[in-house]
Amino acid sequence: MSVKSQFERAKIEYGQWGIDVEEALERLKQVPISIHCWQGDDVGGFEVSKGELSGGIDVTGDYPGKATTPEELRMDLEKALSLIPGKHRVNLHAIYAETDGKVVERDQLEPRHFEKWVRWAKRHGLGLDFNPTLFSHEKAKDGLTLAHPDQAIRQFWIDHCIASRKIGEYFGKELETPCLTNIWIPDGYKDTPSDRLTPRKRLKESLDQIFAAEINEAYNLDAVESKLFGIGSESYVVGSHEFYLSYALKNDKLCLLDTGHYHPTETVSNKISAMLLFHDKLALHVSRPVRWDSDHVVTFDDELREIALEIVRNDALDRVLIGLDFFDASINRIAAWTIGTRNVIKALLFAMLIPHKQLKEWQETGDYTRRLAVLEEFKTYPLGAIWNEYCERMNVPIKEEWLKEIAIYEKEVLLQRH
Ligand code: RNT
Ligand code: ZN
């Protein structure tokens, strides 16, 4: 049976529940996912004197063909984007600046160092998001940045963050879609601190200085990303969830929730509705922690579907900015992007094809039997048939067909790199 006829049959099944499949597909087209560039080169970046990856994050694996130049990275992103349905965004880090072989300190970065990215984004109709890079650097090697006891080091990172917000503003203005500039810092301690307050006080003051610089909010949105622990900061992280939740609320900034940054049984899906009541917008780094903050490629698992359900059934697609954050060097990196991003889109589609109105009603009237039964039955409704049709309409390969293109690209491009 053709994709089309399977789709038509599935559409009838969903239609019996009053679900408008066509409307869902139209809505899905409008949802951008911010694809992180750093899956393409193992969070390496292109700085002239490039240091080791630090900051308590790590990439494992040695799959051949990683991008080593901006041109290669953009080319790989293009390949991935050609296999992912819809129009999306690309999320850059400051270390992806292009400085023509000159050493440019991070506090001196300017919009012009990202001109090529902007030109490329324009050509492909992509929005750009941004992140200052407060790791993999001499001045961050003791694991402290914005909360560092040394005022000069703090100032360097404050200046870097201000420079980054200006780059974000430039992206937003050029591409006519606001850039989300997200600050994540590694600051913390390996062992039990003797003072938890002082570093947090310094971080608060540093952030106040960073945000005091005036940047047009129509072009740049600021976010802060918390974390529970990192490698070498197991006992204490300065920028914890409570810290940034409070900071963001008080200062009208976005809180960014990374799905790998909480206790193992604590879920981001359960935070979304709580935060939507108090925050205008929030941001996500969809990742997959396997036993720890391991940043595995996102799969179509329970928590991903639950996150999508929370966004969709609370009508929050415009208020939750969805970004990705994983890095796996043990598999084809373009496949990693493709798998993770397609899964997020597929989860949103899954969430759109659920009879939310009835389910909410049953909960209100105490009919928990129906609530459970129908939620379970919908797990095996013919989502795949709708997904395939969506992929066809968006001119990307259906099912696992995209793997063929990856195999060709690997042979012709990736394996030719040294
Ligand atoms: C680290 C954070 C952060 C980084 C990227 C590279 O734990 O999740 O978002 O992964 O900035
Ligand atoms: Zn993250």
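Every value quoted in this text rests on a predicted model; they were computed, and no experiment measured them.

## Let's talk about the coordination of the zinc ion (ligand 2)
At this site the zinc ion (ligand 2) is bound by Glu225 (OE), Asp258 (OD), His285 (ND1) and Asp325 (OD), with donor distances of 2.1 to 2.2 Å. The sequence motif formed by the donor residues of the zinc ion (ligand 2) is E-x32-D-x26-H-x39-D. With Asp258 in strand 8 (residues 254-258) and Asp325 in the loop between strand 10 (320-324) and helix 10 (333-352), the pair connects residues that are 67 residues apart, well separated along the chain. For Asp258, a relative accessible area of 0% puts it in the buried group.

## With respect to the nonpolar core
In this structure, Trp117, Leu146, Phe171 and Leu207 are the most contacted members of the largest nonpolar core, which totals 128 residues. Leu180, Leu221, Leu254 and Ala283 belong to the second-largest nonpolar core, a separate cluster that totals 6 residues.

## With respect to the site of ligand 1
Neighbouring ligand 1 are the residues Trp38, Ile57, His93, Trp184, Glu225, Lys227, Asp258, His261, His285, Asp293, Asp325 and Phe327. At 3.0 Å from an oxygen atom of ligand 1 is found a side-chain nitrogen or oxygen belonging to His261. His285 places a polar side-chain atom, nitrogen or oxygen, 3.2 Å from an oxygen atom of ligand 1. Compared with its free state, where it exposes 310 Å², ligand 1 has 99% of that area covered by protein. Class assignment of the residues belonging to the shell around ligand 1 gives a composition of 4 nonpolar, 3 polar and 5 charged.

## Quick notes on the environment of Ile210
For Ile210, the position within the fold is in helix 6 (residues 197-212). The sequence separation of Ile210 and Ile158 amounts to 52 residues, and the corresponding C-alpha distance is 5.7 Å. Residues in contact with Ile210, not counting those within four places in the same chain, are Leu146, Ile158, Cys161, Ile162, Arg165 and Ile183.

## Some remarks on the side chain of Asn91
Turning to its location among the elements, Asn91 is positioned in strand 2 (residues 89-93). What makes Asn91 buried here is its relative accessible area of 5%. A polar side-chain atom of Asn91 sits 2.8 Å from a polar atom in the side chain of Asn131. Once residues within four sequence positions are removed from consideration, Asn91 is found in contact with Ser34, Ile35, His36, Cys37, Trp38, Asp129, Phe130, Asn131 and His285.

## Examining unusual backbone geometry
A positive phi angle is found at Asp42, which is not glycine, with a value near 60°. Here Asp42 shows up in the loop between strand 1 (34-36) and helix 3 (70-81). Given the relative accessible area of 13%, Asp42 is considered buried. Within the chain, Asp100 stands out as a residue other than glycine whose phi angle is a positive 55°. Summarising the element assignment, Asp100 is placed in the loop between strand 2 and helix 4 (115-124).

## Side note on the pairing of strand 10
Among the 5 residues that make up strand 10, 4 are buried, leaving the element largely enclosed by the rest of the structure. Relative to strand 10, strand 9 (residues 282-286) is paired through 5 bridges, and the arrangement is parallel. Note that in strand 10 the partner of Leu282 across the bridge is Val320. With respect to chirality, the unit in which strand 9 leads through helix 9 (residues 302-313) into the neighbouring parallel strand 10 is right-handed.

Parameters at a glance
- Residues numbered from 1 in each chain as written.
- Chains lettered and ligands numbered in written order.
- Predicted model: local features only at pLDDT ≥ 70, side-chain atom pairs only at ≥ 80, totals over all residues.
- Heavy atoms only, no water.
- Donors = N, O, S within 2.8 Å, 3.2 Å for Na, K, Ca; no water.
- Helix = DSSP H or I, 4+ residues; strand = E, 2+ residues; numbered from the N terminus.
- Buried < 20%, exposed > 50% of the residue type's maximum accessible area, 1.4 Å probe, protein only.
- Core = buried A, V, L, I, M, F, W, Y, C linked by side-chain atoms within 4.5 Å.
- Near = heavy atom within 4 Å.
- Polar contact = N/O pair within 3.5 Å; in protein donor to acceptor, adjacent residues only side chain to side chain.
- Areas by Shrake-Rupley, 256 points an atom, 1.4 Å probe, with all protein chains shown as cover.
- Nonpolar A, V, L, I, M, F, W, Y, C, P; charged D, E, K, R; others polar.
- Contact = heavy atoms within 4.5 Å.
- Pairing = 2+ DSSP bridges.
- Right-handed = clockwise from strand over helix to strand, strands pointing away.

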